[in-house]
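# What the coordinates show
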Amino acid sequence: MNRLNPTLEKLVSFLLKTPDEAGVFRRMAVENFGIYKRQYAIACVCLLIIAGTTAYSAYIMGPIVKDVFYGNDLNRAIVLSTIIVCIFLVKGFVTYIQTVILNKIGNNIVARYQRRIFDHLLNLDVAFFSRQHSATLVSQLNQNVIGVRDMLNTVILGYVRDLVTLIGLIGVMFYRDPYMSSAVFIFGPIVLWTLARYARRVKVIAQQEIRINAQVATAMQEASHGISVLKAFTMENQLRTKLNALTKLAEERSNKIARITARTGPLTETLTGLAVAGVTAYGGWRVINHGYEPSDLTSFMTALLLAYEPAKKLARLRIVLERSMVNARMIYEVLDTPIPKKDLDNDNVVTFKDGEIVFDDVTFSYDVFQGARMGNEEQDVYKTPPVLKNLTFTAQAGKTTALVGPSGGGKSTIISLLQRFYEPENGLIFIDGEDISKLGVYNLRSQIAYVSQSPVLFQGSVRDNLRYARPDASDMEIEEAAKSAQAHDFITALPEGYDTQMGENGANLSGGQRQRLSIARAIVRNAPILLLDEATSALDNQSEALVQAALEELMKDKTTLVIAHRLSTISSADSIIVIDGGELVEQGRHEDLVAASHGVYARLHDVNAS
Ligand code: ADP
């Protein structure tokens, strides 16, 4: 573990009672304080000045009362007034500088964590994302990053500022009256002890609050995403009830935290009231009977009253800190999710020439995570029954092999394994005789073009979306690909042609158009192997014919593995593999399989034809 400055270490162990909390905090501090050393140093100087000016404004009450009120010295009054103006000018200016610096650091912390988290997410396994709802993940991360920023800045620097201010003011109090000041040390510990008890409760509620807020965000995202289905099924009332319940829960949690935090208010108010009353009575008695200077008493009381705000904030600090700790822990949970060990890129760079695909005795089951979500330590992992069982087949180079069979049979899993989204439990997969588990993942995937069943389009223009397939593709190549995919005409008819911005996942396009774009993207990729998850949904005859033409163009001379639904694709495939229950049950050409009249394929064919 990295080392922190010893003073900071002591501060950490004072503030955080458990080693786990101290660990999270230490990590956060090590990762951030070093980077902003200079800025934090300036901010610290600022807060020393702020604390100094505050303490001085209490101190100066002594001379004001003594020289001006009792001494009737007008010149002195002018001097002291000028000093007061200067003190507050300096304080205002320095506070401004400190606020700007802290905000800048805070914004940079947010940007850095966002980059880091995004980078890490990109490296994580596909499996990680199947464990939780995307909107929940995103919302939790956003809430947490903000929490961390607040912890480091507001809380920690606020803590130092309030602590230094308080020390300064207590210094003034001791200077003016050491006896009365001792009372502070009787009241202080009582307050601290009481507040520590509240802090523990906040932790649990804060965790729940973040989770519920994430669910609210998820519900909203789902509603906007699936608005047409939502309306078609008149689900409005059901969803409204669900969201109402969630927001009510979130509100309750926030209120609970507010209540616990505010409960510290009456406590500190009462104690302060007692302290001020005590000081007034005792001080008054000493002034009257023992010749104690009223100026000293005024200065003392000013310091005491000024100490009230920072003391109150400090008292609440642990509670605020507990909440930020929850945020920090959730962030590290994502950042600590191990990146799968497969080499993203290694030296073994292989260029496939033909692209023959061989599955050799492949068995595979998925890992399922029960109760998987951020901030939940109780996750059970178990394996599904085998989804692929001793699967052996060859997809010939340059030919089209269709995967058919009942849904849930394991066809998509085959496509995922080929791209190394998951690793087989047993058996090997070869492309052109190369064991793909020995290849760098980037090297492997860069030679595969993939068209998913539901087209996925990203933020940006049409051209950007096509260029994602190959960043060095020229505009010419992109347009050629679009022409081959029967997409050029509709693209040029868009308001800004290739520069038209996509709506969310291409919402401004029709289903068939989106599909042709994703086919054009695969053409731009220009890879020897093509993996195709055919979609049959929502295409009218004309679209279907266009998509079919686009696909034929794409499949030319490629080793194609297609999860086939369309009869035309199936019947024209060079080979058909029927997968049922994770096993290969039949293989052959269309005519041969239809002829085997008792086979699964013949049955499927009959259903399709009727
Ligand atoms: P097909 O493409 O033939 O419809 P899949 O390969 O999608 O079949 O699914 C095969 C089996 O694996 C199904 O029983 C499905 O429930 C299961 N499965 C698919 N994806 C996952 C996953 N991410 N986690 C757990 N089980 C899965």
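Within any chain, residue numbers begin from 1 and follow the written order of that chain's sequence. For this predicted model, a pLDDT threshold of at least 70 governs which residues receive local features, and a threshold of 80 or more governs which side-chain atom pairs are given and counted, while totals over whole chains, interfaces and linings are taken from all residues. Only hydrogens and water are set aside; all other atoms, that is, all heavy atoms of the structure, feed into the side-chain values.

## Topic: the sheet that holds strand 1 (residues 357-364)
At least two bridges found by DSSP between two strands is the condition for calling them paired. Comment: elements are numbered from the N terminus, with helices defined as DSSP H or I runs of at least four residues and strands as E runs of at least two. Judged by pairing direction, the sheet is antiparallel, and its four strands sit side by side in the order 4-1-6-7 without closing on themselves. A single partner strand is all that each edge strand has here, and the edge strands are strand 4 (388-395) and strand 7 (434-435). Looking at chain direction, strand 6 (residues 426-431) and strand 7 are connected through two bridges and run antiparallel. Bridge assignment links F430 to a residue of strand 7, and that residue is D435. Those strands touched by helix 13 (residues 411-418) are strand 1, strand 4 and strand 6, and its axis lies near 110 degrees from that of strand 1. The contact rule is simple, with two residues in contact once any of their heavy atoms fall within 4.5 Å. Note on method: axes are straight lines fitted to C-alpha atoms, helices fitted across the in-contact stretch only, with angles between N-to-C directions ranging 0 to 180 degrees.

## What to know about the site of the ligand
When at least one non-hydrogen atom of a residue lies within 4 Å of a molecule or strand, that residue is treated as near it. The immediate surroundings of the ligand are formed by Y366, V387, S407, G408, G409, G410, K411, S412, T413 and Y422. One of the backbone nitrogen or oxygen atoms of G408 is found 2.7 Å away from an oxygen atom of the ligand. Within the contact set of the ligand, an oxygen atom lies 2.6 Å away from a side-chain nitrogen or oxygen of S412. In these tables, accessible area is a Shrake-Rupley quantity obtained with a 1.4 Å probe, and a residue counts as shielded only by the protein chains included in the view. Surface burial for the ligand is 63%, taken as the share of its 560 Å² of free accessible area covered by protein chains. Taken together, the residues that form the shell around the ligand break down as three nonpolar, six polar and one charged. Any pair of nitrogen or oxygen atoms within 3.5 Å is treated as a polar contact; in protein, a donor-acceptor pairing is required on top of that, and neighbouring residues in sequence qualify only through side-chain atoms on both sides. Polarity classes work like this: nonpolar for Ala, Val, Leu, Ile, Met, Phe, Trp, Tyr, Cys and Pro, charged for Asp, Glu, Lys and Arg, and polar for all others, with Gly in that last group.

## Some points on the pairing of strand 10 (residues 559-563)
With a 1.4 Å probe rolled over the protein chains alone, any residue whose accessible area is under 20% of its type maximum counts as buried; one over 50% counts as exposed, and the rest are partly exposed. The buried fraction of strand 10 amounts to five of the five residues, a majority that puts the element mostly inside the structure. Side chains T559, L561 and I563 project from strand 10 onto one buried face, and the interleaved T560 and V562 project onto a second face that is buried too. The sheet contact formed by strand 5 (residues 400-404) and strand 10 spans four bridges and is parallel. Note on strand 10: the bridge partner recorded for L403 is I563.

## Some points on the sheet that holds strand 10
The strand order 8-9-10-5-11-12 describes an open sheet built from six strands, whose pairing is mixed. With one partner strand each, in any of the chains shown, strand 8 (448-451) and strand 12 (583-588) form the two edges of the open sheet. Pairwise comparison of adjacent strand axes, ignoring direction, gives a mean angle of 15 degrees for this sheet. Against the sheet, helix 13 contacts strand 5, strand 8, strand 9 (529-533), strand 10 and strand 11 (575-580), and its axis sits at roughly 145 degrees relative to strand 10. Along the sheet face, helix 18 (residues 511-525) touches strand 8 and strand 9 and points at about 180 degrees away from the line of strand 8.

## Things to note about the environment of S134
Relative to the assigned elements, S134 resides in helix 7 (residues 134-176). Along the primary structure S134 and T218 are separated by 84 residues, whereas in three dimensions their C-alpha atoms are 8.0 Å apart.

## A look at unusual backbone geometry
We note that N390 has phi near 40 degrees; this positive angle belongs to a residue other than glycine. In this structure, N390 sits in strand 4. Even without a glycine there, the phi angle at D432 is positive, about 50 degrees. For D432, the location among the structural elements is in the loop between strand 6 and strand 7.

## Focus: the pattern of salt bridges
Salt bridges are counted wherever a side-chain nitrogen of Lys or Arg sits within 4 Å of a carboxyl oxygen of Asp or Glu. According to the stated counting rule, one finds 18 salt bridges in the structure shown. In this structure, the salt-bridge partner of R76 is D67, at a minimum N-O distance of 2.6 Å. Judged by relative accessible area, which is 30%, R76 ranks as partly exposed. The partly exposed category is assigned to D67, whose relative accessible area is 22%. Note that R420 is salt-bridged to E423, the shortest N-O span being 3.0 Å. Residue R420 is classed as buried on the basis of its relative accessible area of 4%.

## Regarding the environment of A55
Along the polypeptide, A55 turns up in helix 3 (residues 37-59). The spatial distance from the C-alpha of A55 to the C-alpha of L306 is 8.4 Å, given a sequence separation of 251 residues.

## Details of the packing of helix 16 (residues 475-484) against helix 18
It is the contact of helix 16 with helix 18, at a shortest axis distance of 8 Å, that shows an interaxial angle of 130 degrees. Taken together, helix 16 and helix 18 sit at an angle that is classed as oblique. The crossing of helix 16 and helix 18 is right-handed. For the pair helix 16 and helix 18, the contacting residues are I478, A481, A482 and S484 in the first and A520, I523 and V524 in the second. Reported orientations rely on four angle classes, namely roughly parallel under 35 degrees, roughly antiparallel over 145, roughly perpendicular from 65 to 115, and oblique for the rest. Crossing chirality is assigned from the near helix's rotation relative to the far helix, an anticlockwise turn below a right angle marking it left-handed and a clockwise turn marking it right-handed.

## Section: the nonpolar core
Counting residues in each nonpolar core, the largest one holds 43 residues, and the members touching the most others are V462, L466, I491, L517, I519, L554 and I576. For this core, the leading source of residues is helix 18, giving six residues. Excluding residues that lie within four positions of it along the chain, L517 makes contacts with L457, V462, L466, F490, I491, M502 and L509. The definition of a nonpolar core used throughout is a set of buried Ala, Val, Leu, Ile, Met, Phe, Trp, Tyr and Cys residues joined through side-chain atoms within 4.5 Å. Core analysis: the next-biggest nonpolar cluster, separate from the first, contains 33 residues, F33, L141, V145 and L152 among them.

## Considerations on the packing of helix 3 against helix 4 (residues 61-70)
Contact geometry of helix 3 with helix 4 gives a least axis separation of 4 Å together with a crossing angle of 25 degrees. Put simply, helix 3 runs roughly parallel to helix 4. Of helix 4, the residues touching helix 3 (which contributes S57, A58 and Y59) are M61, G62 and P63. Partitioning the contact of helix 3 with helix 4 into residue classes produces four nonpolar, two polar and no charged.

## Structural notes on a positive patch on the surface
Where like charges cluster on the molecular surface, the positive patch consists of R201, K256, R259 and R263. When residues in the positive patch are grouped by element, the largest group, three residues, is from helix 11 (residues 236-290). Secondary-structure assignment places K256 in helix 11. Each patch is built from residues that are more than 30% exposed by relative accessible area and take part in no salt bridge. Like charges join if they lie within 9 Å; nonpolar side chains (Val, Leu, Ile, Met, Phe, Trp, Tyr) join within 5 Å. In this tally Asp and Glu are treated as negative and Lys and Arg as positive; neither His nor the chain ends contributes. Where a charge lies is defined by one atom per residue type, namely NZ (Lys), CZ (Arg), CG (Asp) and CD (Glu).

## Some words on the side chain of S139
In this structure, S139 sits in helix 7. Judged by its relative accessible area of 11%, S139 falls in the buried class. Discounting residues that sit within four places of it in the chain, S139 has contacts with N213, A214 and A217.

## Concerning the packing of aromatic side chains
Whether two aromatic rings pair depends on their centres lying within 6.5 Å, for rings of Phe, Tyr and Trp, where Trp uses its six-membered ring; planes under 30 degrees apart make the pair stacked, over 60 edge-to-face, and the rest tilted. Scanning all chains against the criterion turns up 10 aromatic pairs. Measuring from ring centre to ring centre gives 5.7 Å for F364 and Y422, while their planes differ by 50 degrees; the resulting arrangement is tilted. A residue pair is termed long-range when its members are at least 10 positions apart, and F364 in strand 1 and Y422 in the loop between helix 13 and strand 6 qualify at 58 residues. In terms of burial, F364 and Y422 fall into one category: buried. Grouped by ring-pair contacts, the aromatic residues Y56, Y59 and Y175 constitute a single cluster. For a lysine, the NZ atom is tested; for an arginine, the CZ atom; a charge sits over a ring if that atom is within 6 Å of the ring centre and within 35 degrees of the ring normal. Over the ring of Y292 we find R286; its NZ or CZ atom is 4.3 Å from the centre of that ring.

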